[in-house]
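A look at the structure
Here is how the chains run, residue by residue.
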Amino acid sequence: MRRYIFCTTAVHPEYQSKPAFGWVKKGTNPTLKTTAGRARVNIHGALNLETFDTPFVAPITVDGVSAVQLLAKIEDRNQDKRIIHVIWDNAAYHKGPDVRAFLSRKNCRIHLIQLPPYCPHLNPIERLWAVMHQHVTHNRAYPTQKQVTEAILKVFRKTIPKQWTGFRTQLTDNFRIISDQNLRVDNGPEYISGTLMAWAEKHGVRLEHIQPGKPQQNAYIERYNRTVRGEWLSQYIFETIEEAQDQATEWLWTYNNERPNMGIGGITPAVKLKTAA
């Protein structure tokens, strides 16, 4: 085999206790110690679904330099591969001058594949981050940031390489395509545009526009928007669009894959989707 595919992106687990769902004895009242800091560990990593190779770097800052360090490590660990396909997102540092200079080398073997914007669910490495959280941050409290950092790095250095066969069902590139025949939308310019109308007609989708000035007719998404504003959008001051996008991606993954939703029986939306399949 002369080619390999690596899925890559960055993750920033924080030094905070992370309550998660799980089994507890009936009648007990389990508690979880909390931590006060908001310091975080930066991991810029990659995943090969064929070999479960997980090269990574742990930079002080995730940027173009760390992206190049990761690409160089991937190349170095795959000397016999003529082409190495690397799938990653559209973060600004993935398209900056450091990365462009690295790719312009005469014998560069890296071929980049950019994911569509705002589509972390299309990157299988996001599932690796979920495994990391399950082993390190869920329902655990660490006295110091050093200890949580060591625990996170241990997952990538020891746990995944030694136990990768046990993660086969969690780390896959299987995706479910959802196709609804009816989409309820408001009357914003993006939802009455000719482009969307043409797409809907082509795919056999019926657009159901609510009455102008009646957001309560689309209550589910409005409730979700309130959650977004309350849980992260209004809590931070963002200096760049990229910062907001990173925070949105992290929160969305947690919302769908880690946080139990009492409205659907105390399970995550991802689990609910699997049971409905």
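Up top you'll find the structure we're talking about.
Note that the structure is a prediction, hence the values are computed from the model and not measured. (Residues numbered from 1 in each chain as written. Predicted model: local features only at pLDDT ≥ 70, side-chain atom pairs only at ≥ 80, totals over all residues. Heavy atoms only, no water.)

1. Examining the environment of Arg 82
Following the sequence through the fold, Arg 82 ends up in the loop between helix H1 (64-76) and strand S4 (83-88). Through-space distance from the C-alpha of Arg 82 to that of Gly 166 is 30 Å; in sequence the pair is 84 residues apart. (Helix = DSSP H or I, 4+ residues; strand = E, 2+ residues; numbered from the N terminus.)

2. Quick word on the environment of Thr 54
Note that Thr 54 resides in the loop between strand S2 (43-47) and strand S3 (56-57). Residue class for Thr 54 comes out buried when judged on its relative accessible area of 6%. The spacing of Thr 54 and Ile 74 is 20 residues in sequence and 9.1 Å in space, taken between C-alpha atoms. Thr 54 has contacts with Ala 46, Leu 47, Arg 77, Leu 128, Phe 156 and Ile 160, leaving out every residue within four places of it along the chain. (Buried < 20%, exposed > 50% of the residue type's maximum accessible area, 1.4 Å probe, protein only. Contact = heavy atoms within 4.5 Å.)

3. Considering the packing of aromatic side chains
Following the criterion strictly, the structure yields nine aromatic pairs and no others. In this structure an aromatic cluster arises from ring pairing among Phe 56, Trp 129 and Phe 156. Note that Lys 73 overlies the ring of Phe 56, its terminal NZ or CZ placed 5.9 Å from the centroid. The residue whose ring lies beneath Arg 105 is Phe 102, and the NZ or CZ to ring-centre distance is 3.9 Å. (Phe/Tyr/Trp six-rings, centres within 6.5 Å; stacked < 30°, edge-to-face > 60°. Lys NZ or Arg CZ within 6 Å of the ring centre and 35° of its normal.)

4. Let's talk about the nonpolar core
The nonpolar side chains of soluble globular proteins are, as a tendency, buried together. Ile 43, Leu 128, Ile 152 and Phe 156 are the most contacted members of the largest nonpolar core, which has 27 residues in total. Listed by contribution, the elements that provide at least two residues to this core are strand S1 (3-11), S2, helix H3 (125-136) and helix H4 (145-163). Tyr 4, Leu 70, Val 86 and Val 99 belong to the second largest nonpolar core, which has 17 residues in total. (Core = buried A, V, L, I, M, F, W, Y, C linked by side-chain atoms within 4.5 Å.)

5. Let's talk about the pattern of salt bridges
Under the definition given, this model contains five salt bridges. For the salt bridge of Arg 206 with Glu 208, the shortest nitrogen-to-oxygen distance reads 3.7 Å. For Glu 208, a relative accessible area of 25% gives the class partly exposed. Ionic pairing is found between Glu 231 and Arg 259, a salt bridge with its closest N-O pair at 2.6 Å. (Salt bridge = Lys/Arg side-chain N within 4 Å of Asp/Glu carboxyl O.)

6. Remarks on the pairing of S4
Burial within S4 is extensive, with six of its six residues counted as buried. Burial along S4 is two-sided: the residues Ile 83, His 85 and Ile 87 and Ile 84, Val 86 and Trp 88 are all buried. Sheet analysis places S1 next to S4, joined by five bridges and oriented parallel. Residue pairing across strands places Tyr 4 opposite Ile 84, the latter belonging to S4. As paired strands, S4 and strand S5 (residues 110-114) are joined by five bridges and run parallel to one another. The residue bridging Ile 84 from the neighbouring strand is Ile 110, located in S5. (Pairing = 2+ DSSP bridges.)

7. Observations regarding the sheet that holds S4
Taken in spatial order, the five strands make up an open sheet running S3-S2-S1-S4-S5, and their pairing is mixed. With one partner strand each, in any of the chains shown, S3 and S5 form the two edges of the open sheet. Along the sheet, H3 makes contact with S1 and S2, crossing S1 at roughly 55 degrees. (Axes fitted to C-alpha atoms, helices over the stretch in contact; angles between N-to-C directions.)

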